[in-house]
Amino acid sequence: MSAEIIDGKALSASFREQIAQEVAQFKAESQVVPHLTAILVGDDPASAVYVRNKERACEKAGIQSTLKRLPAETTEAELIDLVQQLNADPEVHGILVQLPLPKHINETAILDIVNPLKDVDAFHPENVGLIVQGRPRYLPCTPYGIQQMILSTKMETGGKHAVILGRSEIVGKPMAMLLIQRGVGADATVTICHSRTQNLKEIVRSADIIIAAIGQPEFVTADMVKPGAIVIDVGINRVDGKLVGDVAFESVKEVASAITPVPGGVGPMTIAMLLKNTLAAARILTGKLSD
Ligand SMILES: Nc1nc2c(c(=O)[nH]1)N[C@@H](CN(C=O)c1ccc(C(=O)N[C@@H](CCC(=O)O)C(=O)O)cc1)CN2
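Residues numbered from 1 in each chain as written. Predicted model: local features only at pLDDT ≥ 70, side-chain atom pairs only at ≥ 80, totals over all residues.

For clarity, the threshold we go by: UniProt positions are given in the numbering used here, feature names are shortened, and annotations may be inferred rather than shown by experiment.
The chain carries the name Bifunctional protein FolD in an unreviewed UniProt entry, which gives Gimesia alba as its organism. As stated in UniProt under Function (unreviewed entry), the record for the chain gives "Catalyzes the oxidation of 5,10-methylenetetrahydrofolate to 5,10-methenyltetrahydrofolate and then the hydrolysis of 5,10-methenyltetrahydrofolate to 10-formyltetrahydrofolate." Recorded under Sequence similarities (unreviewed entry), the UniProt text for the chain is reproduced unchanged: "Belongs to the tetrahydrofolate dehydrogenase/cyclohydrolase family."

**Considerations on the overall build of the chain**
Spelled out, the test is: Helix and strand assignments follow DSSP, with helices taken as H or I runs no shorter than four residues and strands as E runs no shorter than two, numbered in order from the N terminus. We take the radius of gyration over the C-alpha atoms and set the globule estimate at 2.2 Å times the residue count to the 0.38 power. Exposure classes come from backbone-placed C-beta atoms, where a residue is buried if 20 or more other C-beta atoms lie within 10 Å of its own, exposed if 12 or fewer do, and partly exposed in between. Here the contact rule is simple: place C-beta atoms from the backbone, and any two residues whose C-beta atoms are within 7 Å are in contact.
Counting its secondary structure elements, the chain contains 10 helices and 11 strands. Against the 2.2 N^0.38 benchmark of 19 Å for 291 residues, the chain shows a C-alpha radius of gyration of 19 Å, consistent with a compact globule. Along the first, second and third principal axes, the C-alpha atoms of the chain reach 50 × 45 × 35 Å. Buried residues in the chain amount to 43% of all 291 residues. Taking the contacts inside the chain whose residues are at least 6 apart along the sequence as the reference set, 70% of them involve residues at least 24 apart.

**Description of the site of the ligand**
Convention followed: All residues are tested the same way: a C-beta atom is placed from the backbone, and lying within 6 Å of a molecule or strand makes the residue near it. Ten residue types, Ala, Val, Leu, Ile, Met, Phe, Trp, Tyr, Cys and Pro, are classed as nonpolar, four, Asp, Glu, Lys and Arg, as charged, and the remainder, Gly among them, as polar. A domain assignment, automatic or from a database, supplies the domain bounds used here.
Taken together, the neighbourhood of the ligand is formed by 22 residues, with Tyr50, Leu99, Pro263, Gly267 and Thr270 sitting nearest. Broken down by secondary-structure element, the contributors of at least two residues to the shell around the ligand are helix 2 (45–61), strand 4 (94–97), helix 6 (141–152) and helix 10 (266–286). Residues that form the shell around the ligand fall into these classes: 14 nonpolar, 7 polar and 1 charged. Of the domains in this structure, domain 1 (31–115) and domain 2 (141–267) are the two that each give at least three residues to the shell around the ligand.

**Let's talk about the packing of helix 6 against helix 7 (residues 172–180)**
Selection criterion: A fitted line through C-alpha atoms represents every axis, and for helices the fit uses only the stretch in contact; the resulting angles, taken between N-to-C directions, go from 0 to 180 degrees. With respect to orientation, any angle under 35 degrees is reported as roughly parallel, any angle over 145 as roughly antiparallel, any angle of 65 to 115 as roughly perpendicular, and every other angle as oblique. Two helices crossing with the near one rotated counterclockwise from the far one by less than a right angle form a left-handed crossing, whereas a clockwise rotation gives a right-handed crossing.
Here helix 6 crosses helix 7 at 40°, and the two axes come no closer than 9 Å. It follows that helix 6 is oblique to helix 7 by the angle criterion. Both helix 6 and helix 7 take part in a crossing whose hand is right-handed. Contacts between helix 6 and helix 7 involve Pro143, Ile146 and Gln147 from the former and Pro174, Met175 and Leu178 from the latter. Of the residues assigned to the contact of helix 6 with helix 7, the class counts are 5 nonpolar, 1 polar and no charged.

**Some points on the UniProt feature "domain: Tetrahydrofolate dehydrogenase/cyclohydrolase NAD(P)-binding" (unreviewed entry) in the chain**
The sites that carry the UniProt feature "domain: Tetrahydrofolate dehydrogenase/cyclohydrolase NAD(P)-binding" (unreviewed entry) are, in the present numbering, residues 140–283. For residues 140–283, the end-to-end C-alpha separation is 18 Å, with 34% helix and 18% strand making up the annotated structure.

**Concerning the sheet that holds strand 6 (residues 189–193)**
What counts is decided by this rule: We call two strands paired when DSSP finds no fewer than two bridges between them.
The 6 strands lie next to each other as 1-11-8-7-5-6, forming an open sheet whose pairing is parallel. Here the strands that pair on one side only, and so sit at the sheet edges, are strand 1 (4–5) and strand 6. Bridge count for strand 8 (residues 230–233) against strand 11 (residues 258–259) is 2 bridges, and the pairing is parallel. Bridging from a neighbouring strand, Ile230 pairs with Ala258 of strand 11. Together, strand 5 (161–165), strand 6 and strand 7 (209–212) form the strand contacts of helix 7, whose direction differs from that of strand 6 by roughly 170°.

**Quick notes on the pairing of strand 3 (residues 64–70)**
As a general feature of sheets, a regular strand has side chains that alternate between the two faces. As a reminder of what qualifies: Crossover handedness is defined here as right-handed if the route from the first strand over the helix to the second strand goes clockwise, with the strands pointing away from the viewer.
Across 7 bridges, strand 2 (residues 35–41) lies against strand 3 in parallel orientation. Looking at strand 3, one finds that Leu36 is bridged to Ser65. A crossover links strand 2 with its parallel partner strand 3, the connecting element being helix 2, and its sense is right-handed.

**Describing helix 2**
Stated formally: A helix is expected to span 1.5 Å multiplied by its residue count minus one.
Between its first and last C-alpha, helix 2 extends 25 Å over 17 residues, near the 24 Å set by a 1.5 Å rise per residue. Two residues or fewer after helix 2 comes Gly62, characterised by a positive phi angle close to 85°.

**Re the packing of helix 6 against helix 10**
Where helix 6 contacts helix 10, the axes come no closer than 8 Å and their chain directions differ by 110°. Considering the angle they form, helix 6 stands roughly perpendicular to helix 10. When helix 6 is examined against helix 10, the residues Cys141, Thr142, Tyr144, Gly145, Ile146, Gln148 and Met149 are found in contact with a partner set consisting of Val266, Met269, Thr270, Ala272, Met273, Leu274 and Asn277. Its residues placed into classes, the contact of helix 6 with helix 10 shows 9 nonpolar, 5 polar and no charged.

**Concerning the nonpolar core**
Rules: To define a nonpolar core, we join buried Ala, Val, Leu, Ile, Met, Phe, Trp, Tyr and Cys residues through C-beta atoms within 7 Å and take the resulting set.
Of all hydrophobic cores here, the largest spans 86 residues; its most connected members are Ile210, Ile211, Ala212, Val220, Val231, Ile232 and Ala256. At 11 residues, the largest contribution of residues to this core is made by helix 10. Structurally, this core is a two-domain feature, drawing no fewer than three residues from each of domain 1 (31–115) and domain 2 (141–267).

**Topic: the sheet that holds strand 2**
Backbone hydrogen bonds are what pair the strands of a sheet, in a parallel or an antiparallel way. Taken in spatial order, the 3 strands of this open sheet run 3-2-4, and their pairing is parallel. The sheet is open, and its two edges are formed by strand 3 and strand 4, each paired on a single side. Pairwise comparison of adjacent strand axes, ignoring direction, gives a mean angle of 15° for this sheet. Running at roughly 170° to strand 2, helix 2 makes contact with strand 2 and strand 3 of the sheet.

What follows is the structure in structure tokens.
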């Protein structure tokens, strides 16, 4: 039987509708307009698309958005200066530095100076630490969106084996933290696989939940998937002008119980969760935590 397709576009639309209502209520109660400022450095065309989509999503949800677009030759010191200005600006609730940054800028140095209360990506070490300790302030947008997608399948995750392919700071590591926490959509037993993992195929074959985030087109093939597994594809690879995930979708969907497509899967959920975090940041910074 063919898998359920987890429609990230539809799911994100329903989250965005809900967030828009919460934003309207927050504005009415507080007279504050949640405000996200995104920083885009350089000319990476994919990053420009993602940032534009984030701006559009903000606009539709009633969130103010500002884009600070800087040339590729911007120095690290200039970027630090801009982040510090935004940290000090009481009108800005969320700061997002679009990644990747140009190679001459140390990403860690930049992410480390974002005010943790405005860090709607949850990349600051303080926010990462809070996640590890199981008392998150914000959840990183992609893992947060993936957790919502898994929840939408109604699969019980408690005690299940989740295998994550990829150990990035943005997806792999925080995803593992979310899945091992106690609670609904969590309580899983997690294995992270990476380029040095031995017996990778066997490990993936034992997974009830597979999260593919390694940036290799169609890496996960049907023979690596246990029948009935949930397969989440985080990959966005451009092959011959076409977007392809890290999962061989057509064959894997015949084995899995649920699967996310690319495009239209995890990507749109990432943006919906950013809106959620921006509203949360506005609430935290204005001291208006009740909804
Ligand atoms: N500061 C951040 N930088 C980056 C993040 C992030 O969460 N914060 N994640 C990725 C890029 N990303 C968000 O910024 C992102 C990637 C893809 C999509 C998306 O909706 N993709 C579409 C396809 C779009 C296309 O045509 O290329 C889809 O999957 O349907 C949204 C957000 C790295 N940087």
